[in-house]
Amino acid sequence: MKKIRALIVDDEPIARKGIRRELEGKPGIAIIAECANGYDAVMAIQKQQPDLVFLDLQMPELDGFGVVEAVGVKQMPTVIFVTAYDEFALRAFEIHALDYILKPFNSERFQQALEHARRRIEQANFDGVSQKLKSLIEDAGRQPPASQSYLERIVVKSGGKIFFINTEAIDWIEAADNYVRLHVGNASHLVQGTMNRLESKLNPEVFLRIHRSTIVNLRRVKELQPLFHGEYVITLASGKTLTSSRSYRDKLQRLVANAF
């Protein structure tokens, strides 16, 4: 019987140790690696292609949802989410029929999730799992965890490589179908994900949504020119001009009112 190759991803050493302890000695399971952050997890998943990932949701900078988005739901192996969410937030996993284990670990629940994952891997029903992951990510974007920290870097895949963009270097962001385009100086980078999801993970003191399809780095704003009905022309330090929509005028007016 081919062994299931498992990857453990959690920023807490005690949690990683706990998962390892639950897996060690289990027939048909081989632990291939451990990762302490989301960035290492993305690279490990793409390079080592595990069959199963134990994925912590609440990690700084790049959380579990960010890992799924960076890898791509269709490329993700079977996932068991590791979380400290309360019972109400856990309903999302149950609604989408995705496995999770709750910190602190319950051995019985852990083994139940593991056996479910084992059957899923044997059946190789990845299309169904991909859709469930996609739906969960979309729901999480509409209602992010309260304890979530703001992104400091964003994972970008280009030319078969993975590199990271510091959020403070981004001038502005625009929607592009099922992607977002990051404008950094003279360069632009396409990243899979939604504007709502990304907006929820950016520091609102730095990034402001000015249009349904536009987010701007306030530190790059040089000039505001009022138009009609609460709209503004926004000029960035680079000379790029953007136009806000009236739906977001209150945010811009508060920005002007609190200039000092």
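Rules behind the numbers
One numbering rule holds for all chains: residues counted from 1, following each sequence as written. It should be noted that, the model being predicted, local features are given only for residues of pLDDT at least 70 and side-chain atom pairs only at 80 or more, the latter also being counted only at that level, while totals for whole chains, interfaces and linings use all residues. Side-chain measures were taken over the full set of non-hydrogen atoms in the model, leaving aside hydrogen atoms and water. Each helix is a run of DSSP H or I of at least 4 residues and each strand a run of E of at least 2, with the numbering of both proceeding from the N terminus. One less than the number of residues in a helix, times 1.5 Å, gives the span that helix is expected to have. Residue burial is assigned from relative accessible area. The probe radius is 1.4 Å, only protein chains are included, and a residue is buried under 20% of its type maximum, exposed over 50%, and partly exposed in between. For the purposes of these results, a polar contact is taken to be a pair of N or O atoms within 3.5 Å, where, inside protein, one atom must be able to donate a hydrogen and its partner to accept one; residues adjacent in sequence count only when each atom of the pair is a side-chain atom. As a rule, the C-alpha atoms of each element are fitted with a line to give its axis, helices using only the stretch in contact, and angles between N-to-C directions run from 0 to 180 degrees. Should an angle lie under 35 degrees it is considered roughly parallel, over 145 roughly antiparallel, and from 65 to 115 roughly perpendicular; all remaining angles are considered oblique. In this scheme the handedness of a crossing depends on how the near helix is turned from the far one: anticlockwise by less than a right angle means left-handed, clockwise means right-handed. The contact criterion used throughout is that any non-hydrogen atoms of two residues lie within 4.5 Å. Residues are sorted three ways: Asp, Glu, Lys and Arg are charged, Ala, Val, Leu, Ile, Met, Phe, Trp, Tyr, Cys and Pro are nonpolar, and all the rest, Gly among them, are polar. We call two strands paired when DSSP finds no fewer than two bridges between them. By nonpolar core we mean a set of buried residues, namely Ala, Val, Leu, Ile, Met, Phe, Trp, Tyr and Cys, connected to one another through side-chain atoms within 4.5 Å. Salt bridge, as used here, is a side-chain nitrogen of Lys or Arg placed within 4 Å of a carboxyl oxygen of Asp or Glu. Classification of ring pairs rests on two measures: the distance between centres of Phe, Tyr or Trp rings, Trp counted by its six-membered ring, which must be within 6.5 Å, and the angle between planes, read as stacked under 30 degrees, edge-to-face over 60 and tilted in between.

Trainee: Looking at this model, I keep getting lost on helix α5 (residues 107–123). Mind explaining?
Mentor: Note: α-helices contain 3.6 residues per turn, so residues at a spacing of three or four share the same orientation. With 17 residues, α5 should cover 24 Å at 1.5 Å per step; its first-to-last C-alpha distance of 24 Å lies within 8% of that length. Turning to α5, its buried residues number three or more, namely F110, Q111, A113, L114, A117, R118, R120 and I121. Where α5 begins, the capping side chain belongs to N106, and its oxygen is found 3.0 Å from the backbone nitrogen of E108.

Trainee: I tried to follow the packing of helix α1 (residues 13–23) against α5 on my own but got confused; where do I start?
Mentor: Relative to each other, α1 and α5 sit at 70 degrees, their axes nearing to 11 Å. Regarding the angle of α1 to α5, the classification is roughly perpendicular. Considering only the axes of α1 and α5, their crossing is right-handed. Between α1 and α5, the contacting residues are I19, E22 and L23 on the first element and S107, F110, Q111 and L114 on the second. Each residue belonging to the contact of α1 with α5 can be placed in one class, and the counts come to four nonpolar, two polar and one charged.

Trainee: How should the packing of helix α2 (residues 38–48) against helix α3 (residues 64–71) be read in this particular structure?
Mentor: Packed helices, taken two at a time, are described by the angle their axes make and the gap between the axes. Contact pair α2 / α3: the axes reach a minimum separation of 9 Å and the direction vectors enclose 35 degrees. Between α2 and α3 lies a crossing whose hand is right-handed. On α3, the residues that touch G38, A41, V42, I45 and Q46 of α2 are V67, A70 and V71. Split by residue class, the contact of α2 with α3 holds six nonpolar, two polar and no charged.

Trainee: Could you clarify how one ought to interpret the sheet that holds strand β14 (residues 232–236) in this entry?
Mentor: Remark on secondary structure: sheet strands pair via backbone hydrogen bonds, oriented parallel or antiparallel. Here three strands make up an open sheet; going across it, the order is β13-β14-β15 and the pairing antiparallel. A single partner strand is all that each edge strand has here, and the edge strands are β13 (221–226) and β15 (241–243). The sheet shows a mean angle of 20 degrees between the axes of neighbouring strands, taken without regard to direction. Summarising the sheet, β13 and β14 pair through five bridges and their orientation is antiparallel. Note on β14: the bridge partner recorded for E223 is T235.

Trainee: For this particular structure, what's the right way to read the nonpolar core?
Mentor: Nonpolar side chains in soluble globular proteins tend to end up buried together. With 25 residues, the main nonpolar core has L7, V9, L55 and V67 as its most contacted residues. With residues near it in sequence (within four places) discarded, L7 still touches A33, E34, C35, A41, A44, I45, P50, L52, V53 and F54.

Trainee: Looking at this structure, I do not really get the pattern of salt bridges. What am I missing?
Mentor: Side chains that differ in charge, positive against negative, can pair when their charged atoms come close. Across all of its chains, the model carries 11 salt bridges by this definition. Of the charged contacts, one joins K103 and D10 as a salt bridge, the two residues approaching to 3.1 Å between their closest N and O atoms. Pair noted here: K103 is in the loop between β5 (99–102) and α5 and D10 is in the loop between β1 (4–9) and α1, with a separation of 93 residues, a long-range link. Between R246 and E231 there is a salt bridge whose closest N-O contact spans 3.9 Å. Here the residue R246 occupies a position in the loop between β15 and α8 (249–257), and E231 occupies one in the loop between β13 and β14, the gap between them amounting to 15 residues. Here the salt bridges do not stand alone but share partners, grouping D10, E12, D56 and K103 into one network.

Trainee: I'm lost on the sheet that holds strand β12 (residues 214–217) in this one. Help?
Mentor: The sheet built from five strands is open, its strands ordered β10-β9-β8-β12-β11 with antiparallel pairing. Looking at the sheet topology across the chains shown, the edges are occupied by β10 (187–192) and β11 (207–211). Neighbour-to-neighbour, the strand axes of the sheet open up by a mean angle of 25 degrees, direction not taken into account. Bridge count for strand β8 (residues 172–176) against β12 is three bridges, and the pairing is antiparallel. The partner of I173 across the bridge, within β12, is I215.

Trainee: Honestly, the packing of aromatic side chains in this entry has me stumped. Any pointers?
Mentor: Between two aromatic rings, the relevant description is the distance of the centres plus the angle of the planes. Tallied over the full model, the rule gives three aromatic pairs. On the basis of an interplanar angle of 75 degrees and a centroid distance of 4.6 Å, the ring pair of Y39 and F164 is categorised as edge-to-face. With a gap of 125 residues between them, Y39 in helix α2 and F164 in strand β7 (residues 161–166) connect regions that are remote in the sequence. On the basis of relative accessibility, which here comes to 26%, the residue F164 falls in the partly exposed class. Plain terms: the ring middles of F54 and F110 are 5.3 Å apart, the flat faces sit at 5 degrees to each other, and that makes the pair stacked.

Trainee: Help me out: how do you make sense of α3 in this one?
Mentor: Among the eight residues of α3, eight are classified as buried, and the element is accordingly described as predominantly covered. Listed in full, the buried residues belonging to α3 are G64, F65, G66, V67, V68, E69, A70 and V71. For α3, the capping residue at the N-terminal end is D63, with a side-chain oxygen 3.2 Å from the backbone nitrogen of F65. Immediately downstream of α3, the backbone of G72 shows phi near 100 degrees, a positive value.

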